[in-house]
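# Examining the three-dimensional arrangement
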Amino acid sequence: MLAVLALGCAAYAMLQSLVVPALPTLQHDLGTTPSGVTWIFTAYLLSASVATPIAGRLGDMFGKKRTLLVVLAGLGGGSLIAALATTLPVLIAARTIQGIGGAMFPLAFGIIRDEFPRERVAGGIALISGLLGIGGGLGIVLAGPILENLNYHWLFWIPCIVIAVTALATAFFIPESPIRAPGSVDWVGAVLLSSWLVCLLLAISEAPQWGWVSARTIGLLVVAALAGVVWVVVEARTTNALVDIQMMRLRPVWSTNLAGFLIGFGLFSSFVLIPQFVQTPTSNGYGFGSSVTQSGLFLVPSTLMMLIAAPFSGRLARMYGAKVPLVLGAAITMLAFVVLAVAHSSHWQFYAASALLGIGVGFAFASLANLIVEAVRPDQTGVATGMNAVMRTIGGAIGGQVAASLLAASLLSDGYPSEHGYTATFIVMAGVLAASVVAALAVPGRRPQRAHAVTLAEPRGSLE
């Protein structure tokens, strides 16, 4: 079961980042503009953010395996359409369908919680949660070789094959979860949730083209804030709410979500900063003049360390509680940006920082889902972990765009950012990760034995 769930989650996470290095190639091959091609990434982001908590809730209500098969069908079908696409509108539509795959993670967490032996739950959730970072890094690494040796269609053919295998294996090897949350679908809450998420992420994604203080950007941010307030008020008064607002107010939940937001902010900024820095020609006085494929190699240590750190984080969670790896992960991730701020003149310095980043994010991401699972009832697992995944996605979207905007503010006459601009951006990201350490420390500590007892038996109110 763990292998099947990991395969599907890795495919989704790879598809999230695989297109980022390919955007210039896609722009040329599809004959579109820089602003038009960014929708290939933005559409996926928006769709995933909306689908993740909704499908997580549907899994809690109607069965996690059944919902997972629907999600895999959407992810695979979208990948097939994307692989065949030759025009921008078709590819954007395909990416929107693919975004449904964001629900893979909350559904996988719920299946693990329902089906795994007590002593295996923390490790299983840690590995799946860490795949969000592992797959993201792997997508950046693999994009270059695929584009250089094949073409952009194979960015989608390869995941499509993996997803088809995952769907078949899910049908045979994943049992239907016995735990259900009775009630009806809160469609009003779903529409309001979708409204503020779409407005927020659309503003963030398009701000570099529109301008951060443009009327459209500010207007969307205002609408997002108003819709968010209305959503909270409506959900608080709804009997069968899509998202239990009282649950979201629990200290273990909001502090974990805040930490996930900030760590996602830092991780996705590295996907922008590291490849751009190393691709800068040496004639600028910094950078290594790397190709797209070579720049991806600088993230290999990060991907490998995430793969090692994620299951180790589960062991730490069983021994000392999930808060310990979260605090350690946030601190180590911060250290990675400190290293980049003070030392970025040699290849080995980037490899060292990349490895630290992988260890930190592997620890942190793997512990986030465990902390959420420990804090909520079994019938809330899907929607609660789904909202945590959304917070990481929002943080990542903001982090990547803020990094790009900070670099754009320090452009030289040749069109490349100044070295000082990179140094300042690394320092800003280190500051954001320092805040994530504070957020992690705010998460209530809990004995591992107590955590298991809560996970399996106690009602949410006992944690308040």
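Quick caveat, the model's predicted, so the values are computed rather than measured.

Applying the stated criterion across every chain, the model contains zero disulfides. Not part of a disulfide, Cys9 finds its nearest cysteine sulfur in Cys160, a span of 17 Å.

Another point: the packing of aromatic side chains. Tallied over the full model, the rule gives 17 aromatic pairs. With a centroid separation of 6.3 Å and an interplanar angle of 65°, the aromatic rings of Phe277 and Phe288 are classed as edge-to-face. With a gap of eleven residues between them, Phe277 in helix H13 (residues 251-279) and Phe288 in the loop between H13 and helix H14 (292-297) connect regions that are remote in the sequence. Grouping residues by exposure puts Phe277 and Phe288 together as buried. When the centroid spacing of 5.8 Å and the interplanar angle of 15° are considered together, the rings of Phe288 and Phe298 count as stacked. In this pair, Phe288 is assigned in the loop between H13 and H14 and Phe298 in the loop between H14 and helix H15 (300-320), connecting sequence segments ten residues apart. Looking at Phe298, the relative accessible area reads 2%, which means it is buried. One aromatic cluster is present, built from ring pairs that chain together Phe277, Tyr286, Phe288, Phe298, Phe350, Tyr351, Tyr422 and Phe426. The ring of Tyr44 carries the charged tip of Arg95 above its face, separated from the ring centre by 4.1 Å. The ring of Phe365 is capped by Arg392, whose NZ or CZ atom sits 4.7 Å from the centre of that ring.

Basis of the calculations
Residues numbered from 1 in each chain as written. Predicted model: local features only at pLDDT ≥ 70, side-chain atom pairs only at ≥ 80, totals over all residues. Heavy atoms only, no water. Disulfide = S-S within 2.5 Å. Phe/Tyr/Trp six-rings, centres within 6.5 Å; stacked < 30°, edge-to-face > 60°. Helix = DSSP H or I, 4+ residues; strand = E, 2+ residues; numbered from the N terminus. Buried < 20%, exposed > 50% of the residue type's maximum accessible area, 1.4 Å probe, protein only. Lys NZ or Arg CZ within 6 Å of the ring centre and 35° of its normal.

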